[in-house]
Amino acid sequence: MTDALWILILLLLAVAVLVVVRRRLPVVFWWLVGYPVVTLRVLATYRATMDACGLTVPASAVRRATARMMGRQAAPVPPRRSLPRPTGSGLVMRLRMATGQAPEDFTASADRLRHAWGAHAVHVRPTKPGRLELRLVGWDVLADVRPARRWLRTGPLSLPLALREDGHWHVRDFRTVPHELILGATQSGKSVYLRNLLCGLARQPVALVGIDCKWGVELAPFAPRLSALADTPDRANDLLDVLVEEMEARFRLIGMTGGAGPDAVLTSDVWGLPEKLRPVPVVVVVDEVAELFLVASKDDEKRRDAMVTKLIRLAQLGRAAGIYLEVCGQRFGAELGKGATMLRAQLTGRVCHRVNDETSANMALGDIAPEAALAATSIPAERPGVAVVGDSSGGWTRVRSPHLTLDEAAAICRDTSALVPELPRFDSFRPVVAVEEARPSSSAAAPTARPVTE
């Protein structure tokens, strides 16, 4: 009796430990319990599940004839599969589709497969003609997102910013998707996404330019790492003039280098220039873009039209000159004025957090996929940081950024202030805080700039 009692106590203790591990360390629980259980369930019920979901095809004529000779009925044939391979958040199988099947058939049955195999989610991705990848996610990976591992390979101007719902990282690659629109209501997680973006770029040899017409309160904490900051519409208009001048100068450099001699390498963008002649990339962050579009008088309207025209020019031509746009705001709609829709068309990257109205979601994602806009409007308020990411290819997914406090982001920008590149055109817009920290011994020769809190 005593031995039985001890065994019962040990079993209860083991169950309690597994419950705690499942809540606190879901990755460990998945490797210890989840993966073996789900793998056995998939292997044991694969044929029956595929048949129940309508993902089988009739047997071939040879199999039917053989079955008749043996007095049996040929069973439907499921797609050929590989062995389930474990991943950090679930498992993956590669399937070879049968004749007449399409990836859309498996996508439509993903929810039924999820319930049949007891997974949190099932994602389908075509890999090559006739083959696809079936990825099972073991738990809600967006519930607790940690920063990306340091061994995650990224190149220049490439940042892992948010974890996708399938367990992969959403990597923001400026050379592939040069311009991006980020929308989100207050307390939706938009600022956290922007902090991760700025801190990731702060560690790279990149010039960061900020336009924050809320008197700089959003971007002021990052001032030590900024090459320029405009905090009012008038200053923003002047800074956009300088950015256009910088872009034109870079195009002249590209043209002159391409015709320098018979051995010169022809190129149409700065990345084809020799490394010693290549100008530093510039990332322009426009926070609360609605403040640039709002007008109260005829003069404001003229200034607004001028700024929109400059932003559109930068969006159309900036990629080749190494100038990239990150446009952020709480809302973005056609009622903001002339040029808003045209500017949106140039911002091929889209990130939509929880928004206050359906119009903003449609403006961000409606031209990509209607279901993506619907997914953005259904983000719950108690899940800040969750967003829908889409691109011009029509693909979209839910993501969530790792939490990064404002103090941590400001500390990173202070630590990387020495990486601010020398760009003379932006000297008059350099924040005072950044100038004082970067050049403490040359205050007399420092360019004049207004305080970031003006």
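- The protein chain is annotated in an unreviewed UniProt entry as FtsK/SpoIIIE domain-containing protein from Streptomyces cynarae.

## Observations regarding the sheet that holds strand 10 (residues 226-230)
Right, on to step 1. The strand order across the open sheet built from 10 strands is 7-6-15-14-13-8-12-11-9-10, with neighbouring strands paired in mixed fashion. Only two strands of the sheet have a single neighbouring strand rather than two, namely strand 7 (169-173) and strand 10. With direction set aside, neighbouring strand axes in the sheet form an average angle of 25 degrees.
Right, on to step 2. For strand 6 (residues 158-164) and strand 15 (residues 396-400), the ladder comprises two bridges, and the chain directions are antiparallel. Its bridge partner lying in strand 15, R164 is registered against V399.
Right, on to step 3. This element, helix 11 (residues 358-365), spans strand 8 (180-183), strand 13 (349-352) and strand 14 (386-390) of the sheet and lies at about 155 degrees to strand 13.
Right, on to step 4. Across the sheet, helix 12 (residues 370-377) is in contact with strand 13, strand 14 and strand 15; its angle to strand 15 comes to roughly 25 degrees.

## Some details on the pattern of salt bridges
Close approach of charged atoms allows side chains with opposite charge to pair.
Right, on to step 1. Using the criterion set out here, one finds 22 salt bridges in the structure.
Right, on to step 2. For the salt bridge of R164 with D166, the shortest nitrogen-to-oxygen distance reads 2.8 Å.
Right, on to step 3. With a shortest N-O distance of 3.8 Å, K190 and E288 are connected by a salt bridge. Pair noted here: K190 is in helix 6 (residues 190-202) and E288 is in the loop between strand 11 (282-287) and helix 8 (290-293), with a separation of 98 residues, a long-range link. Side by side, K190 and E288 carry an identical accessibility label, which is buried.
Right, on to step 4. Members of the salt-bridge network, linked through shared partners, are R94, R125, E133 and R135.

## What to know about the packing of aromatic side chains
Right, on to step 1. Counting across every chain of the model gives five aromatic pairs.
Right, on to step 2. One aromatic cluster is present, formed by W30, W31, Y35 and W139 through successive ring pairs.
Right, on to step 3. Across the ring face of Y46, the terminal group of R81 is positioned such that the distance to the ring centre comes to 5.2 Å.
Right, on to step 4. It is R175 that lies over the ring of W271; its NZ or CZ is 4.1 Å from the centre.

## A closer look at the pairing of strand 14
Right, on to step 1. The element strand 14 is extensively covered by neighbouring structure, given that five of its five residues are classed as buried.
Right, on to step 2. A two-sided burial pattern is seen for strand 14, the buried positions comprising V386, V388 and G390 on one face and A387 and V389 on the other.
Right, on to step 3. Where strand 13 lies against strand 14, three bridges are found, and the strand directions are antiparallel. By the bridge assignment, R350 is partnered in strand 14 with G390.

## Regarding the UniProt feature "binding site: ATP" (unreviewed entry) in the protein chain
Right, on to step 1. Under the UniProt annotation, the feature "binding site: ATP" (unreviewed entry) is placed at G184, A185, T186, Q187, S188, G189, K190 and S191.
Right, on to step 2. For T186, a relative accessible area of 48% gives the class partly exposed.
Right, on to step 3. The residues contacting T186, other than those within four sequence positions of it, are Q330 and R354.
Right, on to step 4. On the basis of relative accessibility, which here comes to 8%, the residue K190 falls in the buried class.
Right, on to step 5. Excluding residues within four positions of it along the chain, K190 makes contact with I182, L183, G184, D287, E288, G329, Q330 and H353.

## Some details on the side chain of H179
Right, on to step 1. For H179, the location among the structural elements is in the loop between strand 7 and strand 8.
Right, on to step 2. In this view, H179 contacts R172, L314, A315, R319, I323, Y324, L325, Q346, L347, T348 and G349; residues no more than four positions away in its chain are not counted.

## Quick notes on helix 12
Right, on to step 1. Taken together, the buried positions of helix 12 are A372, A373, A375 and A376. Angular distribution of buried residues about the axis of helix 12 spans 160 degrees; they occupy a single face of the element. In helix 12, those exposed residues whose orientation departs by more than 90 degrees from the buried face are P370 and L374.

## With respect to the environment of R149
Right, on to step 1. When you line up the elements, R149 lands in the loop between strand 5 (131-137) and strand 6.
Right, on to step 2. Judged by its relative accessible area of 61%, R149 is exposed.

## Let's talk about the nonpolar core
Right, on to step 1. If you look at the biggest cluster of nonpolar residues, it comprises 54 residues, and the most contacted ones within it are I211, L239, L243, V284, L292, F332 and L365.
Right, on to step 2. Residues contacting L243, with those up to four places away along its chain left out, are V209, V282, V284, L314, I323 and F426.
Right, on to step 3. Formed by 34 residues, the second largest nonpolar core is a distinct cluster that contains A162, L229, V351 and I412.

## A look at a nonpolar patch on the surface
Right, on to step 1. Together, L5, W6, L8, I9 and L12 give the surface a local cluster of nonpolar side chains, amounting to about 530 Å² of exposed area.
Right, on to step 2. Here L12 lies in helix 1 (residues 2-24).

## Examining the environment of R41
Right, on to step 1. Looking at where R41 falls in the secondary structure, it is placed in helix 2 (residues 26-52).
Right, on to step 2. The sequence separation of R41 and W117 amounts to 76 residues, and the corresponding C-alpha distance is 6.4 Å.
Right, on to step 3. Apart from the residues lying within four places of it in its own chain, the contact partners of R41 are A116, W117 and G118.
Right, on to step 4. Looking at R41, its side chain comes within polar contact range of the main-chain oxygen of W117, at 2.7 Å.

About the thresholds
Residues numbered from 1 in each chain as written. Predicted model: local features only at pLDDT ≥ 70, side-chain atom pairs only at ≥ 80, totals over all residues. Heavy atoms only, no water. Pairing = 2+ DSSP bridges. Helix = DSSP H or I, 4+ residues; strand = E, 2+ residues; numbered from the N terminus. Axes fitted to C-alpha atoms, helices over the stretch in contact; angles between N-to-C directions. Contact = heavy atoms within 4.5 Å. Salt bridge = Lys/Arg side-chain N within 4 Å of Asp/Glu carboxyl O. Buried < 20%, exposed > 50% of the residue type's maximum accessible area, 1.4 Å probe, protein only. Phe/Tyr/Trp six-rings, centres within 6.5 Å; stacked < 30°, edge-to-face > 60°. Lys NZ or Arg CZ within 6 Å of the ring centre and 35° of its normal. UniProt positions renumbered as here; feature names shortened; annotations may be inferred. Arc of directions from axis to C-beta. Core = buried A, V, L, I, M, F, W, Y, C linked by side-chain atoms within 4.5 Å. Patch = residues over 30% accessible without salt bridge, like charges linked within 9 Å, V, L, I, M, F, W, Y side chains within 5 Å. Areas by Shrake-Rupley, 256 points an atom, 1.4 Å probe, with all protein chains shown as cover. Polar contact = N/O pair within 3.5 Å; in protein donor to acceptor, adjacent residues only side chain to side chain.

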